[in-house]
Amino acid sequence: MKRRISEEEIERLYTQYETPPHVIRHCRAVTRVALLIAEALNDHGYHLDTTLIQGAGLAHDVARVEEEHWNVGADALLSLGYADEANIIRNHMFYEFDDVDKLDETDLVCLGDRLVKEACYVGVDERFQYIMNKAPHRPDIQAKLIEKREKMRNLLSQIEDIIGISIDELVTGEKKDERN
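One structure accompanies this document, and this report is about it. (Residues numbered from 1 in each chain as written. Predicted model: local features only at pLDDT ≥ 70, side-chain atom pairs only at ≥ 80, totals over all residues. Heavy atoms only, no water.)

## Quick notes on the pattern of salt bridges
For the structure shown, the criterion picks out 14 salt bridges. Arg90 is the salt-bridge partner of Asp75, the closest N and O atoms lying 2.7 Å from each other. Placement of Asp75 in helix α4 (residues 69-79) and of Arg90 in helix α5 (residues 83-91) is noted, with a sequence separation of 15 residues between them. Overall, Arg90 belongs to the partly exposed group, its relative accessible area being 28%. (Salt bridge = Lys/Arg side-chain N within 4 Å of Asp/Glu carboxyl O. Helix = DSSP H or I, 4+ residues; strand = E, 2+ residues; numbered from the N terminus. Buried < 20%, exposed > 50% of the residue type's maximum accessible area, 1.4 Å probe, protein only.)

## Some points on the state of the cysteines
Under the counting rule described, the total for this entry stands at zero disulfides. Sulfur of Cys110: no disulfide; nearest cysteine sulfur belongs to Cys27 and is 13 Å away. No disulfide involves Cys120; its sulfur sits 14 Å from the nearest other cysteine sulfur, which is in Cys27. Cys120 sits in the partly exposed class, given a relative accessible area of 47%. (Disulfide = S-S within 2.5 Å.)

## Description of the environment of Val72
Inspection of the secondary structure puts Val72 in helix α4. Taking the C-alpha atoms as reference points, Val72 and Asp168, separated by 96 residues in sequence, lie 32 Å from one another.

## A word on a negative patch on the surface
On the surface, a cluster of negative charge is made up of Glu18, Glu66, Glu67 and Glu68. Look at Glu18 and you get exposed, because its relative accessible area is 64%. (Patch = residues over 30% accessible without salt bridge, like charges linked within 9 Å, V, L, I, M, F, W, Y side chains within 5 Å. Areas by Shrake-Rupley, 256 points an atom, 1.4 Å probe, with all protein chains shown as cover. Lys, Arg positive; Asp, Glu negative; His and termini not counted. Charge placed at Lys NZ, Arg CZ, Asp CG, Glu CD.)

## Brief notes about the packing of aromatic side chains
Within this structure, the stated rule accounts for two aromatic pairs. Relative to Phe94, the ring of Trp70 has its centre 5.2 Å away and its plane inclined at 90°; by these criteria the two rings are edge-to-face. In this pair, Trp70 is assigned in helix α4 and Phe94 in the loop between α5 and α6 (105-115), connecting sequence segments 24 residues apart. Among the residues examined, Trp70 registers a relative accessible area of 16% and is labelled buried. By relative accessible area, which is 58% here, Phe94 ends up exposed. (Phe/Tyr/Trp six-rings, centres within 6.5 Å; stacked < 30°, edge-to-face > 60°.)

## Focus on the side chain of Asp61
Mapped onto the secondary structure, Asp61 falls in the loop between α3 (50-59) and α4. Arg64 provides the closest opposite charge to the buried, salt-bridge-free Asp61, at an N-O distance of 4.1 Å. Side-chain polar atoms of Asp61 contact the side chain of His69, separated by 2.9 Å. Setting aside anything within four residues of it in sequence, one finds Asp61 in contact with Thr19, Val23, His26, Cys27, His69 and His92. (Polar contact = N/O pair within 3.5 Å; in protein donor to acceptor, adjacent residues only side chain to side chain. Contact = heavy atoms within 4.5 Å.)

## A closer look at the packing of α4 against α5
At a minimum axis separation of 8 Å, α4 and α5 run at an interaxial angle of 180°. If you check the angle between α4 and α5, you find them roughly antiparallel. Listed contacts from α5 to Trp70, Asn71, Gly73, Ala74, Asp75, Leu77 and Leu78 of α4 are Ala83, Glu85, Ala86, Ile89 and Arg90. Of the residues belonging to the contact of α4 with α5, the class tally is seven nonpolar, two polar and three charged. (Axes fitted to C-alpha atoms, helices over the stretch in contact; angles between N-to-C directions. Parallel < 35°, antiparallel > 145°, perpendicular 65-115°, else oblique. Nonpolar A, V, L, I, M, F, W, Y, C, P; charged D, E, K, R; others polar.)

## Quick look at α6
Burial analysis of α6 places 11 of its 11 residues in the buried class, which makes it a mostly covered element. Looking only at α6, the buried set comprises Glu105, Thr106, Asp107, Leu108, Val109, Cys110, Leu111, Gly112, Asp113, Arg114 and Leu115. Where α6 begins, the capping side chain belongs to Asp104, and its oxygen is found 3.0 Å from the backbone nitrogen of Thr106.

## Examining the packing of helix α7 (residues 123-132) against helix α8 (residues 139-163)
Contact geometry of α7 with α8 gives a least axis separation of 10 Å together with a crossing angle of 165°. Comparing the axis directions of α7 and α8 gives the class roughly antiparallel. As α7 runs across α8, the sense of the crossing is right-handed. Every residue of α8 that contacts α7 at Val124, Asp125, Phe128, Ile131 and Met132 is listed here: Gln142, Leu145, Ile146, Lys148, Arg149, Met152, Arg153 and Leu156. Of the residues belonging to the contact of α7 with α8, the class tally is eight nonpolar, one polar and four charged. (Left-handed = near helix turned anticlockwise from the far one by under 90°.)

It is worth stressing that arrangement in space is one thing and function is another; only the former is reported here.
Structure follows, in structure tokens:
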């Protein structure tokens, strides 16, 4: 088994990079969501490394206050010998998801990141609306975001078919009223 970054090492990185408390809360929420989905998939025949997901999730925005935070954070983890975590962090901002049958740990961390706004699970629609609101007068960006949202909806639907429960219900523990 590969050596994985510990929570203590991540805490040291938070201090070193002066990661703001709200960003740390975001990293923890992303990790929680990613792990819930990964564990549900593992219960249905997947073999995802939840320790890798946890470490990469907790560290994915460690250098959030830096320019190109994904590269700075990845370089920090790489220098400590955590190549797998570094790879996820380096790719999380612009990641294109795999097919449901090829999901890996990067997919799960990125799913968590795209379902959490600040430190709260909000689901795909609210999260994408939040991103789209940042570029309201950019039709080129809006069109790309709509396309990405649709692909993600499709992927989440496929995951829900596999795990037999909606992602909303899995994360919140509340069954959604089908009549809404």
